[in-house]
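Secondary and tertiary structure notes
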Amino acid sequence: MSYHPGIFKPLPAKYFRHPEEGGATNVETRLSRLPGYLTPNRQFFVRSHFDIPELAAADWQLTLTGDALSREQSLSLADLEQLPRISVIRAIECAGNARAFFARDFGKAAEGAQWRLGAVGVAEWSGVRLRDVLALAGVAEDAFHVLPEGLDSGRFARPLPIDKALADDTTIALAMNGEPLPIDHGFPARLVVSGWLGAASVKWLGRIEVSREARNTYWNTKDYTLAGPDYPAEGEADGIPITTMPVMSLVDLDDDARLPAGKTMLRGRALSGEGQITDVECRLDDGDWQAAILHTPNIAGAWVCWSLTCQLDPGRHVLYVRARDDRGHEQPERMVWNDHGCCYNAVTRVNIEAAE
Ligand SMILES: Nc1nc2c(c(=O)[nH]1)N[C@H]1C(S)=C(S)[C@@H](COP(=O)(O)O)O[C@H]1N2
Ligand SMILES: [Mo]
């Protein structure tokens, strides 16, 4: 196995934006360039914390281990292919998506890659249920944590509670939008954990430990937590370990977009962890809130596309967008600060310039 320090796929500027301080392994999707509901593989954002492994399908092995399994198991891709196939359409959203807006709202940047709205994508993930894979090794009644580990140079790993690991749609994906998983997205196998922060969806899977005791890592105790003056530390963690993602709306426009004045269709997307979006509303400057149209499909755990036709007078405008989900969550007016800049979901605000 060898390691690669960057991203393999081409990164044309029309599809991607490099966040400031993001490093070579992070690029966000330009939502303005998405043609449809799914994010094509060539446009999907990439977030990798370490050099990435170049793995050969033929000798790849997934090791199942831990004191809450009846036996240790080593599985090949051919073994996984014996299991029932499933396909799920789900979002992967980095918990740091929209982190750049902390700097705008609070006058100081939260630590980490300064993502705007594009550290998120929706794909059709095909593979096998994590539950069916773990069953091959016999899961004990009192299993507590499931710790998937990547084969990247830093062995990225973040635990899941057993119930989430055994959920119907927790998937070991072998394919993305009908193609073998691209190397940047975890070839040959990654986890897809519905509605949870992207960091739960471990790429380049190599080992899964199922244990009776907690198996916490840096990635749920020192990062990807809600930490700061308003959040109490919890056990080993510096704050509250993040699980599901909050309700958030996105706008399919570049920053400081220039649009023709007059009647214009505004578009975007909205998503909410494991929930389904019920309403999206838009407001231009200090006008009234107007309901946007929600398009099909509207898949829980993925996103819904919205649109609204607006009259844009020439000049500068601020567009505000807020969404609500079927569980009664809605975007707050203002964020509470957290040090890692995670889960930003205050009412979405973008600048637009309309020209005659
Ligand atoms: N092995 C491994 N898995 C990983 C990561 C990583 O650095 N290493 N990054 C995680 C984070 S923080 C996110 S947001 C998603 C990004 O998935 P993508 O690169 O396929 O868009 O992968 C997750 N899985
Ligand atoms: Mo992430």
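Residues numbered from 1 in each chain as written. Chains lettered and ligands numbered in written order. Predicted model: local features only at pLDDT ≥ 70, side-chain atom pairs only at ≥ 80, totals over all residues. Heavy atoms only, no water.

The name an unreviewed UniProt entry assigns to the protein is Molybdenum-dependent oxidoreductase-like protein, from the organism Kushneria indalinina DSM 14324. Quoted straight from UniProt, the Cofactor (unreviewed entry) entry for the protein says "Mo-molybdopterin". (UniProt positions renumbered as here; feature names shortened; annotations may be inferred.)

Going through the model one piece at a time under the given rule, you end up with 23 salt bridges. In this structure, the salt-bridge partner of Arg 129 is Asp 168, at a minimum N-O distance of 3.6 Å. Note that Arg 129 is positioned in strand 9 (residues 120-129) and Asp 168 in the loop between helix 4 (162-165) and strand 12 (171-176), a separation of 39 residues in sequence. What makes Asp 168 partly exposed here is its relative accessible area of 47%. Ionic pairing is found between Arg 327 and Asp 326, a salt bridge with its closest N-O pair at 3.6 Å. When its relative accessible area of 42% is taken as the criterion, Asp 326 is described as partly exposed. Taken together, the shared-partner salt bridges connect Asp 279, Glu 281, Arg 322, Arg 324 and Glu 330 into one network. (Salt bridge = Lys/Arg side-chain N within 4 Å of Asp/Glu carboxyl O. Helix = DSSP H or I, 4+ residues; strand = E, 2+ residues; numbered from the N terminus. Buried < 20%, exposed > 50% of the residue type's maximum accessible area, 1.4 Å probe, protein only.)

This part covers the site of ligand 1. Surveying the vicinity of ligand 1 reveals 20 residues, the closest of which are Phe 45, Asp 152, His 185, Arg 190 and Lys 203. In the model, an oxygen atom of ligand 1 is placed 2.7 Å from a nitrogen or oxygen of the His 49 main chain. In the environment of ligand 1, a nitrogen atom lies 2.6 Å from a nitrogen or oxygen atom belonging to the side chain of Asp 152. For ligand 1, whose accessible area on its own is 530 Å², the fraction buried by protein is 100%. (Near = heavy atom within 4 Å. Polar contact = N/O pair within 3.5 Å; in protein donor to acceptor, adjacent residues only side chain to side chain. Areas by Shrake-Rupley, 256 points an atom, 1.4 Å probe, with all protein chains shown as cover.)

So, on to the packing of aromatic side chains. Inspection of every chain in the model, using the stated rule, returns twelve aromatic pairs. Centroid distance Phe 44 to Phe 45: 5.6 Å. Interplanar angle 20°. Geometry classified as stacked. Each of the two residues, Phe 44 as well as Phe 45, counts as buried. Considering the side-chain rings of Phe 106 and Trp 337, the 5.4 Å spacing of their centres and the 70° angle between planes classify their relative orientation as edge-to-face. With Phe 106 in helix 2 (residues 100-106) and Trp 337 in the loop between strand 25 (315-325) and strand 26 (348-355), this pair connects stretches of sequence that are 231 residues apart. Judged by relative accessible area, which is 34%, Phe 106 ranks as partly exposed. A relative accessible area of 11% means that Trp 337 is categorised as buried. In this structure an aromatic cluster arises from ring pairing among Phe 50, Phe 156, Tyr 218, Trp 219 and Tyr 224. (Phe/Tyr/Trp six-rings, centres within 6.5 Å; stacked < 30°, edge-to-face > 60°.)

Bringing the sheet that holds strand 4 (residues 46-47) into the picture now. The strands that make up a sheet pair up through hydrogen bonds in the backbone, lying either parallel or antiparallel. Spatial ordering of the open sheet is given by 2-3-4, a layout of three strands whose pairing is antiparallel. With one partner strand each, in any of the chains shown, strand 2 (16-17) and strand 4 form the two edges of the open sheet. (Pairing = 2+ DSSP bridges.)

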